[in-house]
Amino acid sequence: SRRRVKNWNLGSNRRFPRPIVPVPLAAYLGRRWLKDDLTFDNYEGGPTIEMLVKPRDIITTMTFQARGIQLSTAWVDWVDHGYRITPSSFHIFYQCDPIAIMDHIMPIGTSDSYDASNQIPDRVTGAYSLAQIGSHQEGQHTHVTDVEILSASELIDSAQYDPPLQEECRFGHNAFVRGHTSHRYGDGPALYVDLERDSIRFSEDEIETSVDIDSIIWTTKVFRCKGSVGIYITPPFQTKPGIFKHNHTYVDITIPQSEEDASSPGGRTEWLSKRFPMSAIPHASIGRISSASSTLNLYIAFPRMIHQHPVNGRRITLMPKEVLDIFWDKVLLPSIGDCTDVSWAPYLKHTLDEARYKARGRDGRKGGWGPPKTIPLSNDDFRDVQDRMETRIRDGEGELSMYGSMFFILEGKGIKLLTKDGQRGRFSGPEEALRRNLSDLDWSYMIDRRHGELLVDVGISFTPRSPDVPVIGVWRLDALEASFGAGGYKRGEMHHHNMLSRYGALQAEMQQERSQQTHIAFRSTYNLYYESIRTNNNQVNFASDSDAYKLTPSYMTECFDIMRVVDGCKEKTYGVRDEYRVSGHAARIILDNIESKAIQYLKSDPILWIPSTIWFELMRRRVREIQRTQISIVKKNPPNLGILTGLLNHMLRLTTSTPIIYDYHVRESLALLEYRNVLETAGMFFLQDFDLSSSTCLDEVQQIDDVNVLGLMGVTAKAQRDRAVERMDALRSDESESEEYPLGRTPTWTRLKLAIANSPAMIMRPWSWSSKLSNTQLNVGRLVVMFTRHVWLMLTPEIFKGIRPYPSSLQEAMRCWTITSIDDTLTSIAFEACNAGLHDNAGVTPGRLGPKSRAFVDRCSLFFPDPDASNKRNAQSQWCALWEGDGYIAEYHRMMKTLDGVQQASLKQGLCDIFSDLHCLPASGARVWVQKKDAIVFITNPAFYRIDRVGRGGESHRRAPRARRTMKVIKGKRIFAADLMDSQPFDADGNLRRKTERQKRREIHKKMTMAKKNKRVPPPPRHRRCRPFPMDELKHVTTDDEMHVD
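The structure reproduced in this document is the subject of the present report.

Thresholds applied
- Residues numbered from 1 in each chain as written.
- Predicted model: local features only at pLDDT ≥ 70, side-chain atom pairs only at ≥ 80, totals over all residues.
- Heavy atoms only, no water.
- Helix = DSSP H or I, 4+ residues; strand = E, 2+ residues; numbered from the N terminus.
- Contact = heavy atoms within 4.5 Å.
- Areas by Shrake-Rupley, 256 points an atom, 1.4 Å probe, with all protein chains shown as cover.
- Buried < 20%, exposed > 50% of the residue type's maximum accessible area, 1.4 Å probe, protein only.
- Pairing = 2+ DSSP bridges.
- Salt bridge = Lys/Arg side-chain N within 4 Å of Asp/Glu carboxyl O.
- Expected span 1.5 Å × (residues − 1).
- Arc of directions from axis to C-beta.
- Axes fitted to C-alpha atoms, helices over the stretch in contact; angles between N-to-C directions.
- Parallel < 35°, antiparallel > 145°, perpendicular 65-115°, else oblique.
- Nonpolar A, V, L, I, M, F, W, Y, C, P; charged D, E, K, R; others polar.
- Phe/Tyr/Trp six-rings, centres within 6.5 Å; stacked < 30°, edge-to-face > 60°.
- Lys NZ or Arg CZ within 6 Å of the ring centre and 35° of its normal.
- Core = buried A, V, L, I, M, F, W, Y, C linked by side-chain atoms within 4.5 Å.
- Left-handed = near helix turned anticlockwise from the far one by under 90°.
- Polar contact = N/O pair within 3.5 Å; in protein donor to acceptor, adjacent residues only side chain to side chain.

Remarks on the overall build of the chain
(1) Moving on: Helix and strand content of the chain: 35 helices and 24 strands.
(2) Moving on: The contacts of the chain with a sequence gap of at least 6 include a subset with a gap of at least 24, amounting to 78%.
(3) Moving on: In the structure as shown, the chain presents an accessible area of about 55,300 Å², 50% of it carried by carbon and sulfur atoms.

Spelled out as structure tokens, the structure:
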């Protein structure tokens, strides 16, 4: 059965306390935003908020092009939705100087009694009192003996040697996968990883601080610069938006007015607005400012086209090609042509078709992955182009209105080396280095908040001077969490590096009201050892779970590459970094005071320094043992191989990064394994109950891969899973046969009858109330209750050993017909078997003796006959009293007369459903109650039998059925396509067409020619032996070292 998650919170990280509250700020009384300007944008006459509701019957729009009809939804969603901007839309801070900014930069959140070296929780050490709360007596303490605390170096040493991958390594598997110690004769207790035992302490004077500016983001309505800007002559080809993830920057957008407000006289003076993340606004890359040292991207944003996906509700920001083509063809390129001299005309592309034609490659194909060609425009020329674009959009009215309210975003990333410490003393500081290296920007215009909002990332790095022993630094999460709390930051996102519980990084935005006064938007802390494995685009591109499932060369190579890279970093020193996204004015204050603030912050000891050799060897060996475990489970092929692969590959990714968990089965497995509790009690996440010798390796997770997991693992995963399930069923059949099938899956009819007569509770599953019966009609329930009461009322009191059944509800009435209830009610009973429905797949019931029994659903007509039934009982029959007066059959007939045909059928169907779910019934026929000797006879419902079907006399009762190949009932794809074409030729997009009689005769003639008969047949391909992938990197693999995966 499928395991159910009881607490999803156990699959997430545990947060640490924030003991110190941030400094209080006085109520802000200054100016908040710029004065509204009714001419800044077109506020009146636009779409209303009611227009945003898409009609239910809307269909996909067709676009007609020269190549044919194409489907497009661009003209449905990418329209003017009524959103507008104001002069203050780009401002996320108040119009004031930053307030108390240094109180929010690297604040100390821990108390004076904080001991940084004590990172082991009390539930591991047992250092807590068992006395009651409030008691003044000295309490009794616990003594924990089932956990062994190891340092990282001791953990590495406990794994001993590192054999080749194809060989088993019990010590390494226990240490890095299961989290257990090992000894010579078996496995030891669980372990706790304490990195503090390997720590190296440095004083504040031995740690070097380095300040830089890492990136800039400038949002403005009118773009201006000192140099030139390169504008793309064609839309760039992009698979994702330029700002594809939240950059912690917002734009305040005015939402559309209602129809009532739009129709009211005089117009509106107040408007509602909403903060949108910059990444949620449709935008496109329009150009760049390049130099020898950096490249700044220029985006143009279109807030009027903000909309959500109709199904998942997410913001759609990647603009389709059709929408961008119109902007370039109708707005941008004509505006450039209008604002340049006549001498420029031969070099300009006046239409998009012309630009794309000239951008063709040597083979004539259009487009490409690289950036398109740019045209350089000076500051004055580009300002004229901006004015001209506004005029064209305004004159285009409804056709181009969706491009209105546009604004520009200038983004520069990865410029820290241009500004770090003023380029090692060449300039007075990071600010001067930024201005001198990016001299094409008009900094005085950008920092003026009347023109927009400038955000810069000010970062400080901490690196110890340790020439003898290379070290790496990692943030202590408890001290880091307390510092974020003292600075007034939100909870943010915590990252546990290498799945360690107490060390990692933290990122969070500041609370909005506090941020608007301090001019601090975002704080990010991370460990610089990440630079050793960081890709150029900062995207995690690890091998997929499907590759790990199949042990493809890409998966093996990726593991070897990681181990080789981290092995080469053991002689390097890596520090930590603290970064703040602030306004331009706040950046100046921070740059002047951050170094003195950093010295105070280091005194709180928030950083752990550990030798690089130990840290990177811990990473390398963890990757090695996870890879070895993956190879072992692929050889074993358990039925939950996909579940286990997802877990192991997730652990493998988290050795180098902290990616978002997208797969549901991984989140489910972490919750089932109580990920949070394992982190706290082991110091690092391990699969503590992992057992390679068991059938499914890990009992806590799901035991069989479902269709969703198989879909992620590849096209052959289902067949591989099915083989594992068949093998596991065959192995477990003898163990589970006695519980699930006490008589075996196919007992003989004689044996089944004997078991029902002697011990029916053994062969029948217990009855339970089905939730689907809760919706039963009231009339049906009333009749079943009457039927139960009246039938039991016919028996004499002497036959009862308990209380005569008198149910008051449908559920109680059905429970009266269970074998347990009957056995508790009557003194002498006899149960008989029913052979209805006990047939095999061919409809044959082998080994059945006697006449065919009546199914329980058919017995409904016996107890609830129609008024004109041919078998109406005579006056001497037991049934007679039930047909007359107050009998339930008489009441049933009276009720049927008041109903129409449909209602009568519904009533009968409801009764049939109830009878099919009854445990047993009286063996009624000519009489209501049948008696054998002194026992009342009951017939049992075969739907509750613990068998598959009735077997033949010579058939074994406990042998698992042999798996047979299922008959193929679906035609192959190619055969079906051929048959479909022969049966009904069709025309689809001009690819297939009907053959004329002349063409058919020519084909027959070609088949009969000698040329066709004498056509050379190529020899069959030579069988090539597949060489296994080498298991040891950069080494020659001998035959003995080859790995063969079954």
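Observations regarding the pairing of strand S14 (residues 452-464)
(1) Moving on: Judged by how many residues are buried, S14 sits mostly within the fold: 12 of 13 residues are covered.
(2) Moving on: Both S14 and strand S19 (residues 576-583) contribute to a ladder of eight bridges, which runs antiparallel. When the bridges of S19 are listed, Val458 appears paired with Tyr580.

Topic: the pattern of salt bridges
(1) Moving on: Counted according to the given criterion, the structure contains 49 salt bridges.
(2) Moving on: One salt bridge connects Arg388 with Asp338, and the closest N-O pair in it is separated by 2.9 Å. With Arg388 in helix H8 (residues 379-396) and Asp338 in helix H6 (residues 321-338), this residue pair connects regions lying 50 residues apart in the sequence.
(3) Moving on: The exposure class of Arg388 is partly exposed, given its relative accessible area of 30%.
(4) Moving on: Exposure remark for Asp338: the relative accessible area of 43% places this residue in the partly exposed category.
(5) Moving on: Among the salt bridges present, the one from Glu617 reaches Arg620, with a minimum N-O distance of 3.0 Å. With Glu617 and Arg620 both in helix H18 (residues 612-636) and three residues apart, the pair spans about one turn of that helix. Side by side, Glu617 and Arg620 carry an identical accessibility label, which is buried.

Things to note about helix H16 (residues 553-567)
(1) Moving on: Between its first and last C-alpha, H16 extends 21 Å over 15 residues, near the 21 Å set by a 1.5 Å rise per residue.
(2) Moving on: Taken residue by residue, H16 has Tyr555, Met556, Cys559, Phe560, Ile562, Met563 and Val566 as its buried positions. The arc that holds the buried residues of H16, viewed along the axis, is 155°, so those residues lie on one side.
(3) Moving on: Residues of H16 that are buried sit in contact with helix H15 (545-550), H18 and helix H19 (641-653).

A word on helix H31 (residues 888-897)
(1) Moving on: Extensive coverage of H31 is indicated by the burial of eight of its 10 residues.
(2) Moving on: All of the buried residues along H31 are Tyr888, Ile889, Ala890, Glu891, Tyr892, His893, Met895 and Met896.

Some points on unusual backbone geometry
(1) Moving on: With a phi close to 60°, Gln160 is a non-glycine residue in the positive phi region.
(2) Moving on: Its place among the elements puts Gln160 in the loop between helix H3 (152-158) and helix H4 (170-178).
(3) Moving on: Owing to a relative accessible area of 47%, Gln160 belongs among the partly exposed residues under this scheme.
(4) Moving on: For His248, which is not a glycine, the phi torsion comes out positive at approximately 60°.
(5) Moving on: Relative to the helices and strands, His248 is located in the loop between strand S7 (228-232) and strand S8 (250-254).

Section: the packing of H19 against helix H20 (residues 664-672)
(1) Moving on: Two elements in contact, H19 and H20, have axes separated by 9 Å at closest approach and are oriented at 80°. It follows from the interaxial angle that H19 and H20 lie roughly perpendicular. Residues Gly642, Ile643, Gly646, Leu647 and His650 of H19 pack against His665, Val666, Ser669 and Leu670 of H20.
(2) Moving on: Class assignment of the residues belonging to the contact of H19 with H20 gives a composition of four nonpolar, five polar and no charged.

Topic: the packing of aromatic side chains
To describe a pair of aromatic rings, one takes the distance between the centres and the angle between the planes.
(1) Moving on: Evaluation of the coordinates by the stated rule reveals 38 aromatic pairs.
(2) Moving on: A centroid spacing of 5.7 Å and a plane angle of 50° characterise the contact between Trp8 and Tyr664, whose relative ring orientation is tilted. In this pair, Trp8 sits in the segment before strand S1 (61-65) while Tyr664 sits in helix H20, placing the two residues 656 residues apart along the sequence.
(3) Moving on: By relative accessible area, Tyr664 is classed as partly exposed at 44%.
(4) Moving on: Across the ring face of Phe244, the terminal group of Lys240 is positioned such that the distance to the ring centre comes to 3.9 Å.
(5) Moving on: Over the aromatic face of Phe276 sits the side chain of Lys274, whose NZ or CZ is 5.3 Å from the ring centroid.

Notes on the side chain of Thr629
(1) Moving on: In this fold, Thr629 is placed in helix H18.
(2) Moving on: Here Thr629 is in contact with His173, Val177, Leu648 and Phe690, once residues within four sequence places are set aside.

Comments concerning the environment of Gln688
(1) Moving on: Relative to the assigned elements, Gln688 resides in the loop between helix H21 (675-682) and helix H22 (707-713).
(2) Moving on: Residues Gln688 and Val177, spaced 511 residues apart in sequence, show a C-alpha to C-alpha distance of 7.6 Å.
(3) Moving on: Leaving out residues up to four positions away in the same chain, Gln688 has contacts with Arg178, His180, Val678 and Ala682.

Structural notes on the sheet that holds strand S4 (residues 180-183)
(1) Moving on: With mixed pairing, the three strands of this open sheet are ordered in space as S3-S5-S4. Each of the sheet's edge strands pairs with one partner strand only, and the pair in question is strand S3 (147-150) and S4. Along the sheet, successive strands turn relative to each other by an average axial angle of 45°, direction set aside.
(2) Moving on: Pairing of S4 with strand S5 (residues 186-193), which is carried by three bridges, proceeds in the antiparallel orientation. Within S5, the residue paired with His183 across the bridge is Gly186.
(3) Moving on: Along the sheet, H4 contacts S4 and S5; its crossing angle with S4, the most-contacted strand, is approximately 165°.

Quick word on the nonpolar core
(1) Moving on: Of all hydrophobic cores here, the largest spans 88 residues; its most connected members are Phe327 and Phe462.
(2) Moving on: Each residue touching Phe462, except ones within four places of it in the same chain, is listed here: Met106, Ile207, Glu208, Thr209, Trp475, Gly575, Val576, Ala598, Leu602, Ile607 and Trp609.
(3) Moving on: In this structure, Ala505, Ile633, Ala682 and Phe686 belong to the second largest nonpolar core, which totals 74 residues.

Comments concerning the packing of helix H26 (residues 778-793) against helix H32 (residues 901-916)
(1) Moving on: As a packed pair, H26 and H32 sit with axes 9 Å apart at the nearest point and diverge in direction by 55°. By the angle between their directions, the pair H26 and H32 is classed as oblique. Taken as a pair, H26 and H32 cross one another with a handedness that is right-handed. Counting all contacts with H26, which are made through Asn779, Val780, Leu783, Val784 and Phe787, the residues of H32 involved are Leu907, Gly910, Leu911, Ile914 and Phe915.
(2) Moving on: The residue inventory of the contact of H26 with H32, partitioned by class, reads eight nonpolar, two polar and no charged.

Details of the side chain of Asn527
(1) Moving on: Note that Asn527 resides in strand S18 (residues 520-527).
(2) Moving on: Among the polar contacts made by the side chain of Asn527, one reaches the side chain of His497 at a distance of 2.8 Å.
(3) Moving on: In this structure, Asn527 is in contact with Gly473, Val474, Trp475, His497, Gly504, Gly575 and Val576, ignoring residues within four places of it in sequence.

Examining the environment of Met619
(1) Moving on: Note on placement: Met619 falls in helix H18.
(2) Moving on: The sequence separation of Met619 and Thr656 amounts to 37 residues, and the corresponding C-alpha distance is 8.0 Å.
(3) Moving on: In this structure Met619 touches Asn498, Tyr529, Val566, Thr655 and Thr656, once residues within four positions along its chain are discounted.

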